[in-house]
Each structure stands twice: as structure tokens, then as C-alpha cells.
Amino acid sequence: MNGFESQTWDLDVFFAGGSESKDFAAFFAETEALVGKLLSELKNAGAEGGSVRLEPLAEWTDGLQKAMSRVRQAEAYVSCLTAQRMDDRKAVAWTERIQTLSARYRQASDLFDAKLAAVPEADWAAWSASGSQASVAFVLNERRDAVKDKLPPALEALAGELAVDGYHGWAEHYQTIVGRISIPWEENGKTVYLSAGQAANKLEHPQAAVRDEMAARWERAWAEQADLCADTLNRIAGFRLKLYEARGWNDVLREPLKLNRMSRDTLEAMWEAAAAGREPLKRYLAAKARLLGKERVAWHDVDAPVGEESASIPYGEAASIISSAFEAFSPDMAKLARRAFDERWIEAEDRPGKRPGGFCIDFPESAQSRIFMTYSGTPGNVSTLAHELGHAYHNSLVHGLPMFAQDYAMNVAETASTFAEALVSDALLKRADGDKAKLALLDERLQRAVAFCMNIRARFLFETRFYAQRAKGMLEAERLNELMLDAQREAYGGALASWHPHFWASKLHFYLTDVPFYNFPYTFGYLFSTGIAAVAEAEGPSFARRYDDLLRDTGRMTVEELGSRHLGVRLDRPEFWRSAVDRAVADVDTFVALSQNV
């Protein structure tokens, strides 16, 4: 079987044996020893009382980057194991050990950052610009400045240790809840039980009756778990809010904005523009409703294909489509995609027991990525595959950099992935034959505009309001449903016939503890990539090199600096975002016109 056909990934190239791998156990033990040595040295150095010696500081800079690479390699491997089989209890046990190791690494990092902050101003500029630290000076300055926002290292260390069984433990508990989801479904005269991942694919089925039935069963399934989900979400938020309070933070967006290296002015300018895109997108949804034979679309109709039932797209064909689309923009990007297929970087098989959703994860020690999804042949699956390959390409561009400089934020990560999706969409639209084919492709493009300007905005509105109320006490499942419905109606402008009140329960992103507010970076990435596409279109083939340079700099600049240096734009002002939204909704008029002719 060639790489374009294989739908299971190769993890043995990293560590043979899965969750019982002796190679992985040895690697993990070595990583524990390295982290332990660094932590011990940094703790003992703290007892010396005062002065900061620059020679060991340089050594720790290198040592922490080496440890960071190894910890992320271990995290990636275990994440892949738990995703491919949610019932792999040995892999779940490894997850707790990984979290403990990560907490110890964070302790060492916090102590290291305190050492950075203690370097006198007179010595700092020369030291940070010399030796191996010069290549990560941006990150070192960033970390040094962030120390004043944190608790003393000993308390940060305690919080990290408590988080393993508390904060992160609740996130793992959510995975257990997801594993309980088993939705009965009739296929070929027999009742089968679908996992959450398999059931989610049915929500995009071309037949309205299938979507309607699955939507009802999906809502019931999550309603049955709602109290458990509410407890979990409340505990995660409660831990986060208490930690913020202890640090003296009074803004829940402070951490996600810092993590994404962006200003509040940029965030507000982006959301202002996204909200302005609501009216044209409502016209698109109204036209789509007519095509589907409905007065208004339901929540689960938004991603439904339009027109005649689409034929399933075989996995091998999807691989060829994506590779060709990448090739038209960048031969290097196409080369990376072909390597991912040939070397089995992708787990796409549609089978029970997998976790829902999709992701791309980096194995920095091996300079490779792995992609996880459940492929069932829908156009949305093709988009997801292109999206995750965009992440893999981004990873490949930073692999040669020091580890600290590889640590780019989520918002710019989503730039590379959504740009990759757009390349595939553009290529398909150019070769589309007939109005029906063009209509279907424009529908997919506008689905993405709805997702990022409406759906993600609803998530952001829900989460900010939830945190404001959670600061006053626990919220019951029914109240969470109300907040979710209010956010959806505001973001969509009342354009839908039905809503998804338990979306807060079914969406993994609300329960992730490594990254708070896992929502607005998606919209940033989508609109930033839309603006980049306009530059690429105007500049032609030479832009591919500049695109690579932008991605390579994502771990060593703020987003405002990226926009200014590589695109010549101000991201903290609304003009760029307005033009990006205008481009994102530019297909609405064409879609409406075509919808009246088919």
C-alpha cells in the first residue's frame, strides 16, 4: 500500500511498542533525569543568595531547550497513543506521568526566568546578544519581562504540582466523559454504536434526514453527560481564576493575549471587523436554506453540502488534490505533504474507539509531525487534512531553529493551517466544471467564513461571559446552555432555525488546560491568512519565499511585528482586518446568484 492510500500512522519510528514501549520508557527516564538535574541546579543556585553568574545561565539556556524538545517529544507520543485508542489505559497512565514531568520542567523554567530577571540591566544587553543565546534573545527578553507577572518561583512550582491532579486532571476527566459517548445508529439493518468522532461526521451527511436524526441523538447524548461536563468545566475555570487572582491578574484575557503575543487593541480590531461580516454571511445562510429546501438552516445544516449528493472522495484522491494545490503555490510545501503521506504521518482511519476531532502534533526530536483525524470522504474531511498539513509545513520550517524560537503561538499556527485550506479551495474552484460544482466549492469556502466569524465568535462570547459569572460561583448545566444559546444567537444574528445548547459540553476546546481561550486564535489565523492570500495573489510566485520567512519568524516576534515587517500592515488598527473580512465574504454575491440558477 503506498503512502497516498495508507490511513494509519507510523508511531514505531519514534518508539516501538506503543504504550508498553521499552524504548519510550528509557527515553522518558532519561528526560526525567535531565529535567531533574536542571531543576536541582537551579534550586541550589537560588540558595547562593544574590548574585547571578552568567556562565551557568548560558548553560541552563541550552539545557532547558534540550529538555523542552525531549518533553514535547514525549508529550506528542503519548497524545497520539491516547487519541488513536481512548481505552488504552496504559497510555492514560503515561499521561499523568507526562503531566508531572511537564510540571517539573515548568518549575525549572520559572526558576530560570527568575534568574533572567535578576541579571542587572548593565549586563543584560551584552549577555543576551552573545553566544548561543543571541538566537533566542527575543524569547529571553519576553520571559524576563514576564517574571513580574508571576508568583515567586516556589509558589508557581506548587501551583504546577497541584495542577497535575487538579487542573489538568479535570481535563483528562473530560476525555473519560467523551469516551462514554456511544450513540446508537442503524446501518444495513443493524444497530451499531458510534463514538463521538464517528457520530460527528454524520452531522455533515448530504441527506437532511440523516443530519436531523443525528443532531437530535447528538444533543440527547451530550445532555445525558451535561452535569458531569458542567462540573468539569467549572473546576477547570475555578482553578484558573484562583491562580489568576493569586498573581494579581484581574483580566482573564491577560494570559491568552500574552501567549498569543498580541495586544488587546489587535484583538478588538479583529472582532470589530468579524462582527461586520455578519450581515453578508446571513444572506449566504438564507440562500443556502433555499437550496436545502428549508426556510432557515438549522445549526447542523451549516456545514451540510449543497445541491446533489456529493460522491465520497477517496483518501488517495484527497491526497493528490492537496499535493497538487500546494505545488501551485510552493514546491517545498508540496514536497512536505508528499513526505507526510509517503512516510505515514497521518492517522485517518474511520474506526470506533478514536477520540473526536483532528490535530497536528510536532515531534521536535525527530523533526517530524503527526496528524490525527477520522476520514470518511466528506469535503470537510479534505479541508481538515489540508488544514493539518499546513501545521506540519509550519513545523518543518522552524525545525532548524533553537527550541525556544520554535515555540510559536496558536494564532499564528492557525494562520499556516487556514492558508493551506485556502490553497486547496482555490485550486478546486479554478478547475470546477459547471455552476453546481462551483456552488458546492463556494459553499465550502463560505462555511469557513461562518465558522471563523460566527461560530468562533460565539465561543469567545460564551467563554468570556462564563468566566465573568464563574468568578461569582459555580454555574449549573442549564445556565451554561443559556449562555451558549445567547452567544450563538448574537454571533449568527438569529439566522438559524435551531441551535446547539450543549455545544459547550461537546467541544473539546473549552476543556483544554494547556491553552486558555482556545477560540479567538482561530479567527486571527483565518483572517490573517486571508490577508496574506491577497498579498500572495498580488505578488505572484516570489511570495512563497516571503511566506516561509514569515512563518519562520512566528516564534520570535509579536504578531504586530510580523505584520509590519513581512506585510507592511498595522494589525492593531481595523483597516487590515476589514479588508480581510471583505475578502472572506466576497463570494457571497456569487453564491447567491448561482443558487438562483440551479
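To be clear, the structure that these remarks concern was listed above.
Because the structure is predicted, anything quoted here is derived from the model rather than measured.

Procedures and definitions
Residues numbered from 1 in each chain as written. Predicted model: local features only at pLDDT ≥ 70, side-chain atom pairs only at ≥ 80, totals over all residues. Heavy atoms only, no water. Helix = DSSP H or I, 4+ residues; strand = E, 2+ residues; numbered from the N terminus. Rg over C-alpha atoms; globule rule 2.2 N^0.38 Å. Buried < 20%, exposed > 50% of the residue type's maximum accessible area, 1.4 Å probe, protein only. Areas by Shrake-Rupley, 256 points an atom, 1.4 Å probe, with all protein chains shown as cover. Axes fitted to C-alpha atoms, helices over the stretch in contact; angles between N-to-C directions. Parallel < 35°, antiparallel > 145°, perpendicular 65-115°, else oblique. Contact = heavy atoms within 4.5 Å. 1 Å grid on protein atoms, 1.4 Å probe; cavity = no way out; pocket = protein on both sides within 12 Å on 5 of 7 lines; lining within 4 Å. Points joined across faces, edges and corners; volume = space filled by probe spheres on them. Patch = residues over 30% accessible without salt bridge, like charges linked within 9 Å, V, L, I, M, F, W, Y side chains within 5 Å. Salt bridge = Lys/Arg side-chain N within 4 Å of Asp/Glu carboxyl O. Expected span 1.5 Å × (residues − 1). Bend = angle between axes of the 7 residues up to and from the residue. Pairing = 2+ DSSP bridges. Phe/Tyr/Trp six-rings, centres within 6.5 Å; stacked < 30°, edge-to-face > 60°. Lys NZ or Arg CZ within 6 Å of the ring centre and 35° of its normal. Lys, Arg positive; Asp, Glu negative; His and termini not counted. Charge placed at Lys NZ, Arg CZ, Asp CG, Glu CD. Polar contact = N/O pair within 3.5 Å; in protein donor to acceptor, adjacent residues only side chain to side chain. Arc of directions from axis to C-beta. Left-handed = near helix turned anticlockwise from the far one by under 90°. Nonpolar A, V, L, I, M, F, W, Y, C, P; charged D, E, K, R; others polar.

Novice: An account of the overall build of the protein chain is needed here, citing residue identities and associated values.
Specialist: A count of helices and strands for the protein chain gives 26 helices and 5 strands. On C-alpha atoms alone, the protein chain measures out to a radius of gyration of 24 Å, which is about the 25 Å that the 2.2 N^0.38 rule sets for 598 residues. Residues counted as buried form 57% of the 598 residues belonging to the protein chain. When the accessible area of the protein chain is evaluated, it comes to approximately 24,600 Å², of which 50% is carbon and sulfur surface.

Novice: Would you mind going over the packing of helix H12 (residues 264-276) against helix H22 (residues 520-539) in detail, with residue names and values included?
Specialist: For any two helices packed against each other, the geometry is given by the interaxial angle and the distance between the axes. At a minimum axis distance of 11 Å, the contact between H12 and H22 shows a crossing angle of 70°. Classed by the angle they form, the pair H12 and H22 counts as roughly perpendicular. Of the residues in H22, those touching H12 at Thr 266, Leu 267, Met 270 and Trp 271 are Phe 520, Thr 523, Phe 524 and Leu 527.

Novice: Describe empty space enclosed by the protein, and please don't skip the residues or the numbers.
Specialist: Within this structure, the stated rule accounts for 1 cavity of 30 Å³ or more. Size it by volume and the largest cavity reaches roughly 30 Å³. Tyr 174, Gln 175, Val 178, Arg 355, Pro 356, Ser 506 and Leu 508 together form the lining of the largest cavity.

Novice: Lay out the layout of surface pockets with the relevant residues and their values.
Specialist: Volume-wise, the second largest pocket comes out at about 780 Å³. Ala 422, Asp 426, Ala 533, Glu 537 and Arg 583 are the residues nearest the centre of the second largest pocket, which is lined by 26 residues in total. Broken down by secondary-structure element, the contributors of at least two residues to the lining of the second largest pocket are helix H14 (315-329), helix H18 (410-430), helix H19 (435-470), H22 and helix H25 (574-584). With 9 residues, the top contributor of residues to the lining of the second largest pocket is H18.

Novice: Pulling in residues and values, what's your account of a nonpolar patch on the surface?
Specialist: Taken together, the side chains of Leu 155, Leu 158 and Leu 162 define a hydrophobic patch exposed on the protein surface, amounting to about 270 Å² of accessible area. For Leu 158, the location among the structural elements is in helix H6 (residues 153-165).

Novice: If you had to explain H19 to someone new, which residues and values would you point to?
Specialist: If you check H19, its first and last C-alpha atoms are 50 Å apart, about what 36 residues at 1.5 Å a residue would give, namely 52 Å. Largest kink in H19: about 35°, centred on Ala 451. Counted residue by residue, H19 has 26 buried out of 36 residues, so it is predominantly covered.

Novice: Could you give an account of the sheet that holds strand E3 (residues 346-347), naming the residues involved and the relevant values?
Specialist: With respect to topology, 3 strands assemble into an open sheet ordered E3-E5-E4, the strand pairing being mixed. For this open sheet the edge positions go to E3 and strand E4 (359-363), each flanked by a neighbour on one side alone. Alignment of E3 against strand E5 (residues 368-372), held across 2 bridges, turns out to be parallel. The residue of E5 that forms the bridge with Ile 346 is Ile 371. Each of E4 and E5 is contacted by helix H2 (residues 54-84), which is oriented at about 145° to E4, the strand it contacts most.

Novice: Any details on the packing of aromatic side chains? Residues and values, ideally.
Specialist: Enumeration according to the criterion identifies 39 aromatic pairs in this entry. Between the aromatic rings of Phe 15 and Phe 24, the centroid separation amounts to 5.1 Å while the plane-to-plane angle is 70°, which identifies the pairing as edge-to-face. Residue class for Phe 15 comes out buried when judged on its relative accessible area of 6%. Judged by relative accessible area, which is 1%, Phe 24 ranks as buried. Ring geometry for Phe 462 against Phe 510: centres 5.2 Å apart, planes inclined by 65°, an arrangement best described as edge-to-face. Here Phe 510 lies in the loop between helix H21 (503-506) and H22 and Phe 462 lies in helix H19, a separation of 48 residues in the sequence. The same class applies to Phe 462 and to Phe 510, which are both buried. A network of ring pairs unites the aromatic residues Trp 271, Trp 299, Phe 460, Phe 462, Phe 466, Tyr 467, Tyr 492, Trp 499, Phe 503, Phe 510, Phe 517 and Phe 520 as a single cluster. Lying across the ring of Phe 404, Arg 143 places its NZ or CZ 4.8 Å from the centre. Lying over the aromatic face of Phe 372, Lys 354 brings its terminal NZ or CZ to 4.9 Å of the ring centre.

Novice: Explain the pattern of salt bridges residue by residue, including any values.
Specialist: In the structure shown here, the tally under the stated rule is 42 salt bridges. Ionic pairing is found between Glu 343 and Arg 339, a salt bridge with its closest N-O pair at 3.1 Å. We note a salt bridge from Asp 553 to Arg 556, for which the minimum N-O separation is 2.8 Å. We classify Asp 553 as buried; its relative accessible area is 12%. We classify Arg 556 as partly exposed; its relative accessible area is 27%. Among the ionic contacts, a cluster of salt bridges with common partners joins Arg 211, Asp 212, Lys 294 and Asp 301.

Novice: With reference to specific residues and values, describe the pairing of strand E2 (residues 190-194).
Specialist: Looking at chain direction, strand E1 (residues 183-187) and E2 are connected through 5 bridges and run antiparallel. Of the residues in E2, the one forming a bridge with Glu 187 is Lys 190.

Novice: With reference to specific residues and values, describe a negative patch on the surface.
Specialist: A cluster of acidic side chains, namely Asp 227, Asp 231, Glu 476 and Glu 478, defines a negative patch on the protein surface. Position of Asp 231 relative to the elements: it lies in helix H10 (residues 226-247).

Novice: Provide a residue-level description of unusual backbone geometry, including the pertinent values.
Specialist: Non-glycine residue Arg 344 carries a positive phi angle of around 60°. Non-glycine residue Ala 367 carries a positive phi angle of around 50°.

Novice: Let's hear about the side chain of Arg 217: which residues, and what values?
Specialist: With respect to the secondary-structure elements, Arg 217 resides in helix H9 (residues 208-224). At 2.6 Å, the side chain of Arg 217 and the side chain of Glu 213 are in polar contact. Aside from chain neighbours lying at most four places away, what touches Arg 217 is Ile 183, Pro 184, Trp 185 and Glu 186.

Novice: Outline the environment of Ala 328, listing residues and values.
Specialist: Here Ala 328 shows up in helix H14. Along the primary structure Ala 328 and Pro 541 are separated by 213 residues, whereas in three dimensions their C-alpha atoms are 8.7 Å apart.

Novice: Give me H25: which residues, what numbers.
Specialist: Those residues of H25 not exposed but buried are Pro 574, Phe 576, Trp 577, Ala 580, Val 581 and Ala 584. Each buried residue of H25 sits inside an arc of 160° when the element is viewed along its axis, so together they form one side. As for H25, its buried residues are in contact with H12, H19 and H22.

Novice: A description of the environment of Phe 524 should follow, citing residues and the corresponding values.
Specialist: Mapped onto the secondary structure, Phe 524 falls in helix H22. Separated by 509 residues in the primary sequence, Phe 524 and Phe 15 place their C-alpha atoms 36 Å from one another. Those residues within four positions of Phe 524 in sequence are excluded, and the remaining contacts are Met 262, Thr 266, Met 270, Asn 411, Val 412, Thr 415, Val 559, Leu 571 and Trp 577.

Novice: I'd like to hear about the packing of H12 against H25, residue by residue, with values.
Specialist: Contact pair H12 / H25: the axes reach a minimum separation of 8 Å and the direction vectors enclose 35°. You can see that H12 and H25 cross each other, and the crossing is right-handed. Here Thr 266, Ala 269, Met 270, Glu 272, Ala 273 and Ala 274 of H12 lie close against H25, whose contacting residues are Pro 574, Trp 577, Arg 578 and Val 581. Taken together, the residues that form the contact of H12 with H25 break down as 7 nonpolar, 1 polar and 2 charged.

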